[in-house]
Amino acid sequence: MSQGNPIKQAIVLAHGRGDDCFPYGGAKALRPKYAMEVDDVPLVRRAVDAVRQVGVEDVTVAVGFLAQAVEEVFADLPASDRPRFVRVEPYDHGDAPALAAVIKQMGVDGDLLVVNGDLFAQPGEYQAVVDALIANDRKTLCALVDPLADEEDKLSWHTVSVDEGSGKIASFNGPVSDGALRVSGLYAVPAGLVGALSKAPSGGPLDRCYLARHLGAMVGPKAAIVAVKASSPVVHVDRCFDYLEANMVQVHVQVNAIPQRKGVYVYRGGEGDPDPRYVFPGTMVHKGATLVFEEDAFISPYDTLEDHLAAIKDAPRQVTPIRARAPR
């Protein structure tokens, strides 16, 4: 249950070139991957919208590669509703140096929400991370983690081990074949630790410093990190097929949101809630209507569901109903 939101500032990291996301990212990309749409909404716009849905008022977007294209994602909004943009140079040294640079420029005052701009997650995951910060007295950094299903993912992401008793991250393991959880890219940072994130080491062109690795170095008695396990599918759009996966997840979200048509079957003996498993003698169907049967549905010889259920329990009365089969 939501407990409100004490966080007033957020940083969305949308600065990188996204080389691993070719052809949707990389030096030859026509636009940055953060501007790629899922259901007509660019990834970075989704992240900013989700941040605002949990009550964050002051949002800064870190931009770098094709910065103007990221900024134009918000061009349709009134100027007062657009996030602040901070340009990061160099932009290809990893997200930890970029975050440190933005923190120094904007002067964070209080708790901070940090989001990777290529994260595809439902707003409820953002609220869960905020609630975890509150539950831990706003003293412990909280990070969203989600499960890794296949071996390729386990060897591509920073995996973590979580102490089930305390719910805290016990270790950052890097990419390992037996990893089960990864750091997703969404963090609630208490005010007391913001300063530590402003001192990330600078990465070189071939030695990028990633935030997950930087957090791993912080783990310890003085900087425990609470793992908030995702309750819905999360996609960190790092590679081209991650982008396709995000679109597929959104399709499932939309399908599940379609309201189911409801009505009443009218049959001899009364009315009742529709049950697509049974059709009874005397069922009335409006002209032009279509009956849709589930596989293994029954066309029952009994007038009511009650009679049907009673009969199938009484061997002498049992009459084999017609069973609907899916077409082969």
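Residues numbered from 1 in each chain as written. Predicted model: local features only at pLDDT ≥ 70, side-chain atom pairs only at ≥ 80, totals over all residues. Heavy atoms only, no water.

Asker: Got a minute to help me understand the packing of aromatic side chains in this structure?
Answerer: Aromatic rings considered in pairs are described by the distance between their centres and by the relative angle of their planes. This structure, assessed with the given rule, holds three aromatic pairs. Here Phe74 and Phe85 contribute two aromatic rings whose centre-to-centre distance is 5.9 Å and whose plane-to-plane angle is 55°, an arrangement assigned as tilted. Of this pair, Phe74 sits in the loop between helix H2 (67-72) and strand E5 (84-87) while Phe85 sits in strand E5, and the two are eleven residues apart along the sequence. Take Phe85: its relative accessible area is 25%, and that puts it in the partly exposed class. (Phe/Tyr/Trp six-rings, centres within 6.5 Å; stacked < 30°, edge-to-face > 60°. Helix = DSSP H or I, 4+ residues; strand = E, 2+ residues; numbered from the N terminus. Buried < 20%, exposed > 50% of the residue type's maximum accessible area, 1.4 Å probe, protein only.)

Asker: Would you mind going over a nonpolar patch on the surface with me for this structure?
Answerer: Among the surface-exposed residues, Met248, Val251 and Val255 lie close enough to one another that they form a single nonpolar patch of about 260 Å² accessible area. Looking at where Met248 falls in the secondary structure, it is placed in helix H8 (residues 240-257). By relative accessible area, which is 48% here, Met248 ends up partly exposed. (Patch = residues over 30% accessible without salt bridge, like charges linked within 9 Å, V, L, I, M, F, W, Y side chains within 5 Å. Areas by Shrake-Rupley, 256 points an atom, 1.4 Å probe, with all protein chains shown as cover. Salt bridge = Lys/Arg side-chain N within 4 Å of Asp/Glu carboxyl O.)

Asker: Hey, could you run me through the confidence of the model for the protein in this one?
Answerer: For any part of a model where pLDDT is low, the fine detail of the predicted coordinates should not be relied upon. Averaged over all residues, the pLDDT of the protein equals 81, while 74% of them reach at least 70. Every residue in residues 261-271 scores below 50 in pLDDT, and together they form 30 contacts with partners more than four places removed in sequence or on other chains. Note on residues 324-328: pLDDT under 50 across the span, and eight contacts to partners over four residues away in sequence or across chains. (pLDDT = per-residue confidence, 0-100. Contact = heavy atoms within 4.5 Å.)

Asker: How should helix H1 (residues 43-53) be read in this particular structure?
Answerer: For the α-helix, the turn length of 3.6 residues means that residues three or four positions removed from each other point alike. All of the buried residues along H1 are Leu43, Val44, Arg45, Ala47, Val48, Ala50 and Val51. One or two positions beyond H1, positive phi appears at Gly55, with a value near 95°.

Asker: For this particular structure, what's the right way to read the pattern of salt bridges?
Answerer: Should their charged atoms come close, side chains of opposite charge can pair. Summed over the entire model, instances satisfying the criterion amount to eleven salt bridges. A salt bridge links Arg45 to Asp76, with the nearest nitrogen and oxygen atoms 3.0 Å apart. With a gap of 31 residues between them, Arg45 in helix H1 and Asp76 in the loop between H2 and E5 connect regions that are remote in the sequence. Given a relative accessible area of 15%, Arg45 falls into the buried group. Its salt-bridge partner being Arg84, residue Asp58 comes within 3.0 Å of it at the nearest N-O pair.

Asker: Any chance you could explain helix H7 (residues 211-218) here in plain terms?
Answerer: Those residues of H7 that fall on the buried side of the exposure criterion are Leu211, Ala212, His214, Leu215 and Met218. An end-on view of H7 places all buried positions within 160° of arc, on one side of the element. (Arc of directions from axis to C-beta.)

Asker: Could you clarify how one ought to interpret the nonpolar core in this entry?
Answerer: Soluble globular proteins: nonpolar side chains tend toward being buried together. With 38 residues, the main nonpolar core has Val12, Val44, Val51, Leu113, Val115 and Tyr126 as its most contacted residues. Discounting residues that sit within four places of it in the chain, Val51 has contacts with Ala10, Val12, Val56, Val59, Leu113, Val115 and Tyr126. (Core = buried A, V, L, I, M, F, W, Y, C linked by side-chain atoms within 4.5 Å.)

Asker: What am I meant to see in the environment of Ala100 here?
Answerer: Mapped onto the elements of the fold, Ala100 is located in helix H3 (residues 95-106). Here Ala100 falls in the buried class, since its relative accessible area comes to 4%. Sequence-wise, Ala100 and Lys199 are 99 residues apart; in three dimensions their C-alpha atoms are separated by 6.0 Å.

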